[in-house]
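# Understanding the architecture of this molecule
Given next are the chains, with one letter for each unit.
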Amino acid sequence: MKWEGNRESSNVEDRRGAGGIGGGFGGRSIGLGTIAIALVASFFFGINPMTVLSLLSGGSPQQTTAQRPPADDRMATFVSTVLADTEDTWTELFRSGGGTYQKPTLVLFSDSTPTACGTGQSASGPFYCPADQKIYIDLSFYRLMQQRYQVTGEFAQAYVIAHEVGHHVQTLMGISGKVRQAQQRASQAEGNRLSVQQELQADCFAGVWAYHANRSRGILEAGDIEAGLNAASAIGDDALQRKEQGHVIPDSFTHGTSAQRVRWFKRGIETGKVAACNTFEARDL
């Protein structure tokens, strides 16, 4: 992937080395009953349990001083450059549709960090918090991708960021809010399906970014698309469940199968059209 020398984003907070926070929110302790409520909300409604814990405990995220990544930190520079590329792409796409793209902030952290959705943990992998419109990533996740899932290549790493940016786009378009409202009225199975549709759309949006970034700036090299497809395949619900527990439970899927994630990423990168990513009205995911 061609990225070195390109513009870096100014919307990066480097919290690495700042340390995590304690087990409570806002200095308050959390009881087992509160945790149980959070887990039930997650199980039935697809709500992030950390979000519920934060709301029930009355806490608020602690403020952390923002720092730019060091100039000699190659991986942080890569992430900042990819984020800048997504900013350029989505700014133009929103402008062409008569809208204004509000850029998200990307937070680099180690181990754990406070967010508006509760405490972010490295074990959760990269995630997007709609409450503060920030993307959170512990760069050690990329080592896990290589060591555990045999996913390599810078474009595969860029796909991870572009997917989370896709969730930000969904927030700006009002899609995320509608999904949360629908999940509150849905059964567990229906809520999971809505989650799958949302995740697959974010995969498609990642492909849309790659299409336009390559057409405008020629970022793709030989093997990059294959690496991105390999990443999408490796993190399918069926692949992960089979690897972790030896069997697959389709009704519990929340992100989509490997085949589905590959299909929607390909749709985005082949068409470059946001309208082609409407997973919510697709007959076949």
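Above this note sits the structure.
Just so we're clear, the structure is a prediction, and the values are computed from it rather than from any experiment.

To continue, consider the side chain of Thr89. As for its position among the elements, Thr89 is in helix 3 (residues 74–96). A relative accessible area of 5% places Thr89 in the buried class. If we skip the residues at most four places from it in the chain, Thr89 touches Trp209, His212, Ala213 and Arg217.

Let's shift gears to the pattern of salt bridges. A pair can form between side chains of opposite charge whenever their charged atoms are brought close. This model, assessed by the stated rule, comprises 11 salt bridges. In this structure, the salt-bridge partner of Arg7 is Glu87, at a minimum N-O distance of 3.0 Å. In this pair, Arg7 sits in the segment before strand 1 (12–14) while Glu87 sits in helix 3, placing the two residues 80 residues apart along the sequence. By relative accessible area, which is 38% here, Arg7 ends up partly exposed. In this structure Glu87 comes out as buried when scored by relative accessible area, which is 1%. Of the charged contacts in the structure, one is a salt bridge between Asp14 and Arg16, with a shortest N-O distance of 2.6 Å. Look at the salt bridges and you will find they share partners, linking Glu4, Arg74 and Glu154 into a network.

Let us look at empty space enclosed by the protein. Going through the model one piece at a time under the given rule, you end up with 2 cavities of 30 Å³ or more. Approximately 30 Å³ is the volume attributed to the second largest cavity. Lining the second largest cavity are Met1, Lys2, Trp3, Asn6, Thr81, Val82, Asp85 and Ile219. Across the lining of the second largest cavity, the residue classes break down as 4 nonpolar, 2 polar and 2 charged.

Conventions we followed
- Residues numbered from 1 in each chain as written.
- Predicted model: local features only at pLDDT ≥ 70, side-chain atom pairs only at ≥ 80, totals over all residues.
- Heavy atoms only, no water.
- Helix = DSSP H or I, 4+ residues; strand = E, 2+ residues; numbered from the N terminus.
- Buried < 20%, exposed > 50% of the residue type's maximum accessible area, 1.4 Å probe, protein only.
- Contact = heavy atoms within 4.5 Å.
- Salt bridge = Lys/Arg side-chain N within 4 Å of Asp/Glu carboxyl O.
- 1 Å grid on protein atoms, 1.4 Å probe; cavity = no way out; pocket = protein on both sides within 12 Å on 5 of 7 lines; lining within 4 Å.
- Points joined across faces, edges and corners; volume = space filled by probe spheres on them.
- Nonpolar A, V, L, I, M, F, W, Y, C, P; charged D, E, K, R; others polar.

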